[in-house]
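Here's the letter readout for the chains.
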Amino acid sequence: MSEMNTHYRNCNICEAMCGLEIVHQDKQIISIKGDQLDPFSQGYNCPKALALEDFYTDKDRLKTPIKRTASGWQAISWDDAFNEIVAKFKSIQQQHGKNSLAVYLGNPNAHSLGNALFLKPFLKSLGTINRFSSASADQLPHHVAANFMFGAGMLIPVPDIDRTDFMLIIGANPVVSNGSMMTAPNVIGRMKAIQQRGGKIVVVDPRRTRTAKIADQHLFIRPEKDALLLLALIHCVFERNKVNLGHLEHLVEGLDDVAKLAKTYSPDVVASIVGIDASTICTLADDMLLADSAVCYSRMGASTQTFGGLCLWLTNVLNIITGNFDRAGGAMFPQPAFDLLRNHQVGHKSSFGQHQTRVRKLPFFNGEFPVASLAEEIQTPGEGQIKSLITVAGNPVLSAPSGHQLAQAFAGLDYMVSVDIYLNETTKYADIILPGTTGVENSHFDIFFNSFSVRNTVKYSAPLFEKQVDQRSDWQILKEISARMLNIAADDPMQKITPEIILDMELKQGPYGEQGMSLQRLIDNPHGIDIGPLMPCLAERIKTANGKIDLFPQVFSDDLPRLQAVMTAVSRDLAYPFELIGRRLVKSHNTWTQNSARLIKGKNPCTLEMNSQDAHQLGIEQGQLVTVSSAVGQIDIEVVLTDDIQAGVVTIPQGWGHNQQGTNMSVAATQPGVSINDLTDASRVDMLTGNAAFNGTPVAITLVLKEGR
């Protein structure tokens, strides 16, 4: 037996980029804990990091390809699998057109160095425009707002949480999520630091979350009314004559249009609709204006709703007009060592709306269509109908709206392939499953999340364990399919390109290249390198044609009548009187962490949280089984009564529902839960961006009566 060794890497499960210290011996992990010398996370890590060992040792995990046959799943060689897949794809495209093949990309792709670099050529080799991903079930409004206001979808501002004096958090629970579109390990510590320096934190959310309990103030708000609150806050800024553009004064256009719009949305006008009284809204605006530095941070609750695009646009507007944009303590832009905007041309024409989905005419953006349209694009006959699909590290049957409809759609495909390590609720419909390697077998570099980081840092992690001879990394799988689709010979020089070659080139040509940044420098510094705090840089990074911030883009102006209609609409659907929202669990990340015993052990985490008064009126008691029904489905679930949820609102965690036949996730099956996406409705989207509207789903609650009663 060899000596014990220590390996340093970033955790790749969520966005926080926590540094880990892994002690190992031979092929066995002895311990996983936070890396005290990591300059960014400084020893912090959440419980999910321990699951890296579980994924590596999981007996349910696939390591070689399998094929679905009449007699069940059978092992197949890599070569035979690639030959069949490419032949089927080409045949179907020849018969039905290039766009009859579709791609779905799941959340783990964003946490994979290899996939982040090789997905683009992979998608190009397939020749289809039908690409879908988890982005449109999550963050598309952020990208659309950045695209139209700053000229690039990846130019997304993040809160400078480490230096702010006032933080307004709308529809976000960063203490549980470890930040989201805000890469910030140890959010609890960072929030407490705000308070220790005399600052204030306010959370606006229909649920009193763990983040809200740490904050100085929590305000309940009606689901999907965040845009109206933001307009009222903007109204207050203009009403008090407190607009302050600071150093951006000559970079902003459209201010007069925003002022005109905000006049009609006073706190008195919106108070009864949003559920927050006018005086509280005014005080909230004053608190933000009086702070030396302040920032408004809106996330999932604001993004995954029918007005997600307006919410993220107005969040940026509020930060800009209060003088809290591109300055310390406000909303700022990271300058990552691997700069995704390095080759983005100023004034580059946006792809937004370049194409539309066949059935609902939802917009194409950033190379993809909204996932809420995937099922209907498969099931609706006609020219351009999707006939075949490849999913890469995704489980949309549980993570996308109307998941049961997606399951039916997948069952009707002519041919389906999945790149995944599990036989799960989505991959069970595939004809072939191609398993990649897991976190500790892969090299790692956070390409995307350095672009959302609250501090500029950089770190590379080599593989902890080398993969077995008969294993492939995800990027190798994608690269092989690409080569065969394009008939590229195995000895072609381009076939020798690796993620590390590309990474080294980008680091050397990036913003710190002249300072000696390179892959070798990162290898020599396994704990990572601290580059420094966020700095004002928008004037250099903005990508609009005229170099100015567009404060009032036409696409948002055109969407305002839809919001205005809410002011006079009936507030409740009598058939479905409750509003359903999702919730995040600290030991869960979407659907792909549920096969770790240490992350699901304990009492059932998949429950319906309901306001105590609402339950009393319906005769429902703690722990009883209730039926939750929506326009598209129903589930039975245990109820938990609490005053931490607003009256009229209920919540279910996302990522559960591992109770289906034909899967092989034995640990998840012991604590299966139910899928919230059997209730969410794919027809409910933010019509501006196409993002799925998970929050605010109208539902009814009834007690499940025992037999004989």
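Our structure is the block above this text.
Residues numbered from 1 in each chain as written. Predicted model: local features only at pLDDT ≥ 70, side-chain atom pairs only at ≥ 80, totals over all residues. Heavy atoms only, no water.

Some points on the pattern of salt bridges
So, step 1. Within this structure, the stated rule accounts for 30 salt bridges.
So, step 2. Across the pair Asp60 and Lys59 runs a salt bridge, and its minimum N-O distance is 3.4 Å.
So, step 3. Asp60 gets classed as buried once you look at its relative accessible area, which sits at 5%.
So, step 4. Judged by relative accessible area, Lys59 falls into the exposed class, the value being 70%.
So, step 5. In this structure, the salt-bridge partner of Arg208 is Asp644, at a minimum N-O distance of 2.8 Å. Separated by 436 residues along the polypeptide, Arg208 in the loop between strand 10 (200–204) and helix 7 (210–214) and Asp644 in the loop between strand 24 (634–642) and strand 25 (649–653) bring together distant segments of the chain.
So, step 6. By relative accessible area, which is 28% here, Arg208 ends up partly exposed.
So, step 7. One salt-bridge network, held together by shared partners, links Glu53, Asp54 and Arg598. (Salt bridge = Lys/Arg side-chain N within 4 Å of Asp/Glu carboxyl O. Buried < 20%, exposed > 50% of the residue type's maximum accessible area, 1.4 Å probe, protein only. Helix = DSSP H or I, 4+ residues; strand = E, 2+ residues; numbered from the N terminus.)

A closer look at the packing of helix 3 (residues 113–126) against helix 18 (residues 499–509)
So, step 1. At a minimum axis distance of 9 Å, the contact between helix 3 and helix 18 shows a crossing angle of 85°. Put simply, helix 3 runs roughly perpendicular to helix 18. When helix 3 is examined against helix 18, the residues Leu113, Gly114, Leu117 and Phe118 are found in contact with a partner set consisting of Pro499, Glu500, Ile502 and Leu503.
So, step 2. Taken together, the residues that form the contact of helix 3 with helix 18 break down as six nonpolar, one polar and one charged. (Axes fitted to C-alpha atoms, helices over the stretch in contact; angles between N-to-C directions. Parallel < 35°, antiparallel > 145°, perpendicular 65-115°, else oblique. Contact = heavy atoms within 4.5 Å. Nonpolar A, V, L, I, M, F, W, Y, C, P; charged D, E, K, R; others polar.)

Section: the nonpolar core
So, step 1. One finds Phe150, Leu168, Trp313 and Ile549 to be the most contacted residues of the largest nonpolar core, which totals 100 residues.
So, step 2. Every residue in contact with Phe150, bar those within four places of it in the chain, is listed here: Ala145, Leu155, Pro157, Asn316, Ile320, Phe325, Phe333, Ile542, Lys543, Thr544 and Ile549.
So, step 3. Of all hydrophobic cores here, the second largest spans 28 residues; its members include Phe364, Phe369, Leu406 and Phe694. (Core = buried A, V, L, I, M, F, W, Y, C linked by side-chain atoms within 4.5 Å.)

Regarding the packing of aromatic side chains
So, step 1. Counting across every chain of the model gives 17 aromatic pairs.
So, step 2. The interplanar angle of 80° and the centroid separation of 5.7 Å between the aromatic rings of Phe150 and Phe333 together place this pair among those described as edge-to-face. With Phe150 in helix 4 (residues 140–150) and Phe333 in the loop between strand 14 (331–332) and helix 14 (374–379), the pair connects residues that are 183 residues apart, well separated along the chain.
So, step 3. Taking the relative accessible area as the measure of exposure, Phe150 reaches 0% and is therefore buried. (Phe/Tyr/Trp six-rings, centres within 6.5 Å; stacked < 30°, edge-to-face > 60°.)

Describing the side chain of Thr438
So, step 1. Along the chain, the position of Thr438 falls in the loop between strand 17 (432–434) and strand 18 (455–458).
So, step 2. Looking at Thr438, the relative accessible area reads 5%, which means it is buried.

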